[in-house]
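Here are the chains, one letter per residue:
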Amino acid sequence: MPRQDNRHSFPLNWRLLRHILALYRDINLALQEINTNATSNSNAASIFKKIINRLKAINTLGDNVSWYFFLHIQLSLYLSGNSIIRNSRQLKRFLVSVRNALEKMIVSKGTIRLLRRKDVFVNLRNPTVSIFVPEGFEDLIPGYRYIPGTLPVILTAPHASPPQSDINTGKLALVIAKRTSAYALISNLPRFIADPNRVLGRVWPFRRILEQLIAKRKIKLIIDLHTSSSTREHLVEIGTWYGFSIPKKYLDMLMQIFDSNDVTYGTNSRFVGGDITFYHSNIPLVSTVQLEISGEATRRDLRRIIRALVKFIKKFSGVKSYGGLHRKS
Amino acid sequence: MEGFIENLKIRVGIENELLTVNNKGFIVPAADLIIKEIIDDIVNKRIDIGVLKRFIYGIQWEPHPAQLEVVTQPLNFLLVEKTMKLIRTYLGEVASRRKLMIYAGSVHPIQSNPFPINGTHISISVVPKRRKSMPRKFLVYVHNNVRRYLPELIALTANSPVMSGEYSGYASTRLHYSRVLRPSRYAIIRRSKATIIPREKRAILKYAFIFTRDKRYEHKVVADRVGIRLLDITPRGPYTNIIEDYGSGPESSRVEIRFIDNPSTVDYLVDVTHILMGIALEAIDLLRRKQKIVESKSLEENRLRAIKDGINADFITENGDTVSARKCVLEMIENIRPYLDMLGVKLQTSLRSGVPEIEKLGKPKISSEHEIIHRYLRQGKVFLRVKLNSSRALITFSGNRDSLKAKTVFGFVFPQYKLEWTSFEKNIISTFTRIHISYWMLTNHGYIRIHPDDIVISAITPIGALTKIFSSVYKGLLERNFS
């Protein structure tokens, strides 16, 4: 079958953005309506009717638009279907997740590219090649090492396995998890076979187990550990997906602890965060932060980083109130 | 034609783009790793850099992290085969040390969508013996003669029919989707007082105009009005209006041909180079005989037809009739044969009889275990309700296998690809021969392998699934209050 040529679909991108903005507005209205605890649900119902109609309109824009939504919204939400919403608390959680995803759609570079390029839908990935596995997939399961913990924090090291591994990240995750009783998830598969920090990696067990832990409300913070291969200005680059993945108060807490432990850092300079930072931070109350440690860090530097992260995890876990269903930014 | 060839020096330069892939044939961003290995070899003197640098200008990164580009020095045409074999053997060996492979084709059958795209750029320079550089008139004639044969050459070399796991409908998917390879125009020599720098190139030279120095006018070879470098055929060097070449030396004067899809093997690459050399010599002969190269009216139409149907295309002739591309290709080969004979060159591959590489080696065969699922996924319907026809294992995320009875399951379905390929050089994938697709379903509890006899009950897109969730909330709101 010849591939459909969508080179002349420029106005479609703008229509999509208009729909996304309207959807974002409607979901905020729905949240406000639910938060006011109104005795009647008729107002909320009318807003939901609008949202449904809007989604139906978006669905007519094309297969790729549907896929664009898929890339932003949690897979577990789709898989659970109707069963995830039984009470207003679950409804709020669901709406906040969708809203967070829409926020990212609005500000993401991808959207900006969408609007600039005329032939964007040619370039947008489709389901059959965006998420796939190579032959022998079942032999590669599980492909990770899991360290259970008691604190609501997980350290992930998706590139811990050679070749071209992020050196020390596996060890760092282990040491910090041991000292703090945090969870740890370390990949055993080289990134050349499965890269859990990519969209392609979302179906691999590493990401599924992470999403399961989040769904069971065991995790409130993901610290995604990486190492940059080249020289960097700072010892650690903090990636928060332009401030969307972690509330400011926790970021300030992390920076303060880094300051007091002589760990130099930069924020969102180049490493804004990979797919783990991007994707899992859509869930309300879950924060993610990517730490890109300089490849030239000495043992002493690493010890300082460990000390700082142990302090941060303990301080984070000691915070009893998370401030309700706050917005991340 | 006596003595014609003796008075000319022919130099060929090749830029060959390659992809790094893992041992299952999938693209991996390992260009950095290969470059590091090469640097290690140079530092530890495992390779003779003296020999290498005689032939190779450089191995460089490309924008995609899996892409490598090998650039040769301007070579005597007799050294092309040796050089390309030398560098490709070496790259294959370096990749094998890291358990990687090199893919030599243009478009990866699964992961190019349509980027990353590889191409082979062949630069030809024909210089009179008493001169140091290719003169302007030579540039114009060689450019225009290659351009005259553009549809034939595309038909002969197009070999990227598969993209994103399916036939794209184009013989050269690369040329169809490439944003940078704009068609060049008929080249002419234009007299101008100043070079106008296009706005997007002003960052390079920081000027809007550059005036000629001592001369009143400068003669520039112009194949594109604004001096854009990325065309399918481009005259290059200081005699052209290409902004990037403004300060280059006269020895870099050449015609660069970019429209060639990556030949899978060195033999085909060498033959394509020889054909281009033949066309270049024919151009010089036409110039010598003071014959004009006439621009064909249907060149653009034939180019598009060649991109679409390759050697099976029908070209439009000057009088409006159609003629098969195969016949035109054979005519072209006949036209250049005397020049190749003068050089003592014989085409070694099927190209000599007008049979392109893709016809000789065959298109990749695509087979799907479940045609209905394949169709649904292409439509973006990735959430499927499937009735399992037999019991099977549910593989949990921790790797345990639970038994699952035959029942209806709902989940996200994704493909598993098995790629098969042919290698003519060690550790280098020349061409993919087969793509086999099977399917897995991801549920909240684990993975289920979908069998060909399982029945799809319903399929829904992500937005459809989201609409369903909102609809159930809406119904809930109408029926009762959420507490």
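A quick note: this is a predicted structure, and the numbers were derived from the prediction, not measured.

## A short note on a nonpolar patch on the surface
All names here are of chain B. Together, I196, F209 and F211 line one region of the surface with nonpolar side chains, adding up to about 360 Å² of accessible area. Structurally, F211 is set in strand β11 (residues 209-211). Residue F211 is classed as exposed on the basis of its relative accessible area of 59%.

## Some words on the interface of chain A and chain B
When the parts of a complex come together, some accessible area is lost, and that lost area is often used as the size of the interface. Contacts between chain A and chain B engage 72 residues on the former and 71 residues on the latter. Together chain A and chain B conceal approximately 6400 Å² of surface at their shared face, both sides included; 64% is due to carbon and sulfur atoms. Inspection of the chain A/chain B interface yields one salt bridge. For E138 of chain A, the salt bridge goes to R401 of chain B, with nearest N and O atoms at 3.1 Å. Summed over the shared surface of chain A and chain B, the number is 13 residue pairs in polar contact (both at pLDDT 80 or more). At the level of secondary structure, the elements contributing two or more residues to the side of chain A that touches chain B comprise α2 (42-59), α3 (63-72), α4 (75-80), α5 (88-107), α7 (120-123), α8 (127-130), β1 (133-134) and α10 (205-215) of chain A.

## Describing the environment of R202 of chain B
Residues and elements named next belong to chain B. When you line up the elements, R202 lands in helix α7 (residues 202-205). Assessed through its relative accessible area of 28%, R202 is described here as partly exposed. Residues R202 and M441 lie 239 residues apart in sequence; the distance between their C-alpha atoms is 53 Å.

## Considerations on the pairing of strand β18 (residues 383-387) of chain B
All names here are of chain B. The pairing of β18 with strand β21 (residues 408-422) spans five bridges and is classified as antiparallel. Bridge assignment links V386 to a residue of β21, and that residue is V409. Where β18 lies against strand β25 (residues 455-460), five bridges are found, and the strand directions are antiparallel. Bridging from a neighbouring strand, L384 pairs with A459 of β25.

## Points about the domain arrangement of chain A
Residues and elements named next belong to chain A. When its domains are assigned, chain A resolves into domain 1 (6-107) and domain 2 (137-328). Taking only C-alpha atoms, the centre of domain 1 and the centre of domain 2 are 28 Å apart. Counting residues at the interface gives 20 residues for domain 1, matched by 20 residues for domain 2. Around 2000 Å² of area is buried between domain 1 and domain 2 when both sides are counted, 53% of it from carbon and sulfur atoms. When the buried area of domain 1 at its contact with domain 2 is split by residue, Q74, R93 and K104 rank highest and sum to 38% of it. Summed over the shared surface of domain 1 and domain 2, the result is zero salt bridges. Put simply, the parts of the chain that give the side of domain 1 that touches domain 2 at least two residues each are α3, α4 and α5. Ranked by the residues each element gives to the side of domain 1 that touches domain 2, the list is headed by α5, at eleven residues. Residue classes in the side of domain 1 that touches domain 2 are distributed as nine nonpolar, five polar and six charged.

## Re helix α1 (residues 31-43) of chain B
Residues and elements named next belong to chain B. Given a rise of 1.5 Å per residue, 13 residues ought to cover 18 Å, and the 18 Å separating the end C-alpha atoms of α1 matches this to within 8%. Looking at α1, one finds that the buried residues are A31, L33, I34, I35, E37, I38 and D41. On its buried face, α1 is in contact with β1 (8-22), β2 (56-61), β3 (67-72), α3 (80-97) and β5 (100-103). Just past α1, the residue K45 takes up positive phi, approximately 55°.

## Examining the side chain of D261 of chain B
Residue and element names in this part refer to chain B. Looking at the secondary structure, you find D261 in the loop between β14 (254-260) and α8 (266-288). Exposure remark for D261: the relative accessible area of 1% places this residue in the buried category. Of note is the side chain of D261, whose polar atom sits 2.9 Å from the backbone nitrogen of N159. Only 3.1 Å separates the side chain of D261 from the side chain of S172, close enough to count as a polar contact.

## Looking at unusual backbone geometry
All names here are of chain A. The residue after I141, namely P142, is reached through a cis peptide bond having omega 5°. Mapping P142 onto the fold places it in the loop between β1 and β2 (144-147). A cis geometry characterises the amide bond from P162 onward to P163, with omega recorded as 5°. Considering the arrangement of structural elements, one finds P163 in the loop between β3 (153-157) and α9 (169-180). With a phi close to 65°, R217 is a non-glycine residue in the positive phi region. Within the secondary structure layout, R217 lies in the loop between α10 and β5 (221-228). Located in the positive-phi region is Y242, a residue other than glycine, with phi close to 55°. Relative accessible area serves as the criterion here: at 41%, Y242 is assigned to the partly exposed category.

## A closer look at the packing of α1 of chain B against α3 of chain B
Helix-helix packing is described using two parameters, namely the angle between the two axes and the distance between the axes. All names here are of chain B. As a packed pair, α1 and α3 sit with axes 10 Å apart at the nearest point and diverge in direction by 105°. It follows from the interaxial angle that α1 and α3 lie roughly perpendicular. On the side of α1, the interface is formed by I34, E37, I38 and D41, while α3 contributes Y90, L91, V94, A95 and R97. Classifying every residue of the contact of α1 with α3 gives six nonpolar, no polar and three charged.

Reading guide: rules and limits
Residues numbered from 1 in each chain as written. Chains lettered and ligands numbered in written order. Predicted model: local features only at pLDDT ≥ 70, side-chain atom pairs only at ≥ 80, totals over all residues. Heavy atoms only, no water. Patch = residues over 30% accessible without salt bridge, like charges linked within 9 Å, V, L, I, M, F, W, Y side chains within 5 Å. Areas by Shrake-Rupley, 256 points an atom, 1.4 Å probe, with all protein chains shown as cover. Salt bridge = Lys/Arg side-chain N within 4 Å of Asp/Glu carboxyl O. Helix = DSSP H or I, 4+ residues; strand = E, 2+ residues; numbered from the N terminus. Buried < 20%, exposed > 50% of the residue type's maximum accessible area, 1.4 Å probe, protein only. Contact = heavy atoms within 4.5 Å. Buried area = accessible area lost by both parts, 1.4 Å probe. Polar contact = N/O pair within 3.5 Å; in protein donor to acceptor, adjacent residues only side chain to side chain. Pairing = 2+ DSSP bridges. Domains from an automatic or database assignment. Nonpolar A, V, L, I, M, F, W, Y, C, P; charged D, E, K, R; others polar. Expected span 1.5 Å × (residues − 1). Axes fitted to C-alpha atoms, helices over the stretch in contact; angles between N-to-C directions. Parallel < 35°, antiparallel > 145°, perpendicular 65-115°, else oblique.

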